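Commentary on secondary and tertiary structure
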Amino acid sequence: MIRNGHGTAGGAERPGSGARRAVRVWCDGCYDMVHYGHSNQLRQARAMGDHLVVGVHTDEEISKHKGPPVFTQEERYRMVQAIKWVDEVVPAAPYVTTLETLDKYGCDFCVHGNDITLTVDGRDTYEEVKQAGRYRECKRTQGVSTTDLVGRMLLVTKAHHSSQEMSSEYREYADSFGKCPGGRNPWTGVSQFLQTSQKIMQFASGKEPQPGETVVYVAGAFDLFHIGHVDFLEKVHSLAARPYVIAGLHFDQYVSEVVIGAPYSVTAELLDHFKVDLVCHGKTEIVPDKDGSDPYEEPKRRGIFCQIDSGNDLTTDLIVQRIIKNRLEYEARNQKKEAKELAFLEAVRQREERPEGESDSDF
């Protein structure tokens, strides 16, 4: 078990509540290509209790029930650990959630989104805890999922993620991605996530820089947020005793908080407005602005520019390459997932329409 160091401990009492025991909440999942939807689920789950324990499935379990994950289990463990609402991470969590698992980690109930998670043979993975009344549901974030992100990467041109042209082989696969006989269901297929100010504020800390804190500014697309980004931000955070890190996120990408639609070039106005002490960039290539100028010219002139080596060579382009390399497996995974969910929904519909008192044996 990996502890994050925040929140209450094991069976600790709830802060400020006298002798009442802390409510421990369990979540589990693949957490492959961690995105806003995962974070939103964990934020909602954490709000239902005092301590959040998150189980992450192994590569073997995911491959058995869904198909190959994009990220390795070690990468996925670290990504979940980096999410601020998570208190503990349980590696190699079982794919089917049981009462035994909840009891083993002292959790009162588990939380999952209002979508369907099925085993390889089409069973609801939360059936046992649902029947025992130890299941809670949170609202699924519409318009974003791992399946959706894989689809986005393969439907857009490769030039969206790198300077290379899309090959004919890539284009042929991209054109066929997501086209599956039988239509699509509410949880698969490619969609567009739309951010709103209300959604963004749910993730903001709401804290202003305090006297004595070092204001550090980083900017980029942070597209397909991954462990390489986490390693970079950890290094940035360690540059000062009391850091206050501002992330500027350029338009046309995922937007979370702080500086929305940040200018590509770091301007004097931006530095002065946020009273920035340090500007950081990773070891990736610095692409000139549209006019050919260095986007970090101003912070370099002020002597506050710093390049950070995260020690991780994972990039968005490498992730895209992983998916292209295994394209047939990912296509089969998504089609299998959709077929299972459609079959499950049809079975539920038939049960609901069945005359009262009629059993499965009557069919």
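Residues numbered from 1 in each chain as written. Predicted model: local features only at pLDDT ≥ 70, side-chain atom pairs only at ≥ 80, totals over all residues. Heavy atoms only, no water.

The name given to the protein in an unreviewed UniProt entry is ethanolamine-phosphate cytidylyltransferase, with the source organism recorded as Catagonus wagneri.

1. Here's the deal with empty space enclosed by the protein
Counted according to the given criterion, the structure contains 2 cavities of 30 Å³ or more. Considering only enclosed or pocket space, the second largest cavity measures out at about 30 Å³ in volume. Together, Y31, D32, M33, V34, F71, E75, R76 and M79 line the second largest cavity. Across the lining of the second largest cavity, the residue classes tally to 5 nonpolar, no polar and 3 charged. (1 Å grid on protein atoms, 1.4 Å probe; cavity = no way out; pocket = protein on both sides within 12 Å on 5 of 7 lines; lining within 4 Å. Points joined across faces, edges and corners; volume = space filled by probe spheres on them. Nonpolar A, V, L, I, M, F, W, Y, C, P; charged D, E, K, R; others polar.)

2. Thoughts on the environment of T125
Inspection of the secondary structure assignment puts T125 in the loop between β5 (109-113) and α5 (127-131). Residues T125 and P94, 31 residues apart in the sequence, show an inter-C-alpha distance of 9.9 Å. When neighbours within four sequence positions are excluded, T125 is seen to be in contact with Y95, V96, T97, T117, L118 and T119. (Helix = DSSP H or I, 4+ residues; strand = E, 2+ residues; numbered from the N terminus. Contact = heavy atoms within 4.5 Å.)

3. A few points about the nonpolar core
Core analysis: the biggest nonpolar cluster contains 29 residues, and C27, Y31, L42, L52, V54 and V86 have the highest contact counts within it. Counting only elements with at least two residues in this core, the list comes to β2 (24-29), α1 (36-47), β3 (51-56), α3 (73-81), β5, α9 (227-237) and α12 (316-325). By size, the runner-up hydrophobic cluster in this structure holds 13 residues, among which are Y217, A219, L270 and I304. (Core = buried A, V, L, I, M, F, W, Y, C linked by side-chain atoms within 4.5 Å. Buried < 20%, exposed > 50% of the residue type's maximum accessible area, 1.4 Å probe, protein only.)

4. What about the pairing of β5?
Counting buried positions over the 5 residues of β5 gives 5, a clear majority of the element. Sheet analysis places β2 next to β5, joined by 2 bridges and oriented parallel. Directly across from V25, in β5, lies its bridge partner F109. Where β5 lies against strand β6 (residues 135-138), 4 bridges are found, and the strand directions are parallel. By the bridge assignment, G113 is partnered in β6 with C138. (Pairing = 2+ DSSP bridges.)

5. A closer look at α3
Buried within α3 we find E75, R76, Y77, M79 and V80. Buried residues in α3 make contact with β3, α2 (59-65), β4 (88-91), α9 and α12.

6. Quick notes on the side chain of H229
Within the element layout of this structure, H229 appears in helix α9. With a relative accessible area of 14%, H229 lands in the buried category. Once you skip the residues sitting within four places of it in the chain, H229 turns out to touch F222, D223, L224 and T316.

7. Considerations on the state of the cysteines
The tally for this structure, following the rule as stated, stands at 0 disulfides. C27 forms no disulfide, and the closest cysteine sulfur to it belongs to C138, at a distance of 6.6 Å. Look at C27 and you get buried, because its relative accessible area is 0%. (Disulfide = S-S within 2.5 Å.)

8. A look at the packing of aromatic side chains
Going through the model one piece at a time under the given rule, you end up with 3 aromatic pairs. Judged by centre distance (5.4 Å) and plane angle (20°), the rings of W26 and Y105 are stacked. Residue W26 is found in strand β2, and its partner Y105 is found in the loop between α4 (99-104) and β5; the two are separated by 79 residues along the sequence. The exposure class assigned to W26 is buried, which follows from its relative accessible area of 1%. Taken together, a centroid distance of 5.6 Å and an interplanar angle of 50° make the contact between Y126 and Y135 tilted. Residue classification places Y135 among the buried positions, given a relative accessible area of 15%. A cation sits over an aromatic face here: K130 above Y135, 5.0 Å from the ring centre. The cationic tip of R136 hangs over the ring face of F109; the distance from NZ or CZ to the ring centre is 4.5 Å. (Phe/Tyr/Trp six-rings, centres within 6.5 Å; stacked < 30°, edge-to-face > 60°. Lys NZ or Arg CZ within 6 Å of the ring centre and 35° of its normal.)

9. A look at the side chain of D87
Along the chain, the position of D87 falls in the loop between α3 and β4. A polar contact is formed between the side chain of D87 and the side chain of R46, at a distance of 2.9 Å. Among the polar contacts listed, one links the side chain of D87 to the backbone nitrogen of L52, at a separation of 2.7 Å. (Polar contact = N/O pair within 3.5 Å; in protein donor to acceptor, adjacent residues only side chain to side chain.)

10. Let's talk about α12
Among the residues of α12, those classed as buried are T316, D317, I319, V320, I323 and I324. Burial along α12 is one-sided: seen end-on, the buried residues are contained in an arc of 160°. (Arc of directions from axis to C-beta.)

11. Focus on the pattern of salt bridges
Once the charged atoms of two side chains with opposite charge are near each other, the side chains can pair. All told, the structure shown has 13 salt bridges when counted by the stated rule. Across the pair D294 and K300 runs a salt bridge, and its minimum N-O distance is 2.7 Å. Judged by its relative accessible area of 40%, K300 falls in the partly exposed class. By sharing partners, the salt bridges in this structure join D272, E298, R301 and R302 into a single network. (Salt bridge = Lys/Arg side-chain N within 4 Å of Asp/Glu carboxyl O.)

12. A word on unusual backbone geometry
With a phi close to 50°, Y31 is a non-glycine residue in the positive phi region. Looking at the element boundaries, Y31 is found in the loop between β2 and α1. Accessibility expressed as a relative area gives 3% for Y31, which makes it buried.

13. A short note on the confidence of the model for the protein
Mean pLDDT over the protein works out to 77, with 68% of the residues at or above the 70 mark. Across residues 157-167 the pLDDT falls below 50, and counting only partners more than four positions away or on other chains, this stretch makes 21 contacts in the model. Every residue in residues 169-194 scores below 50 in pLDDT, and together they form 64 contacts with partners more than four places removed in sequence or on other chains. (pLDDT = per-residue confidence, 0-100.)

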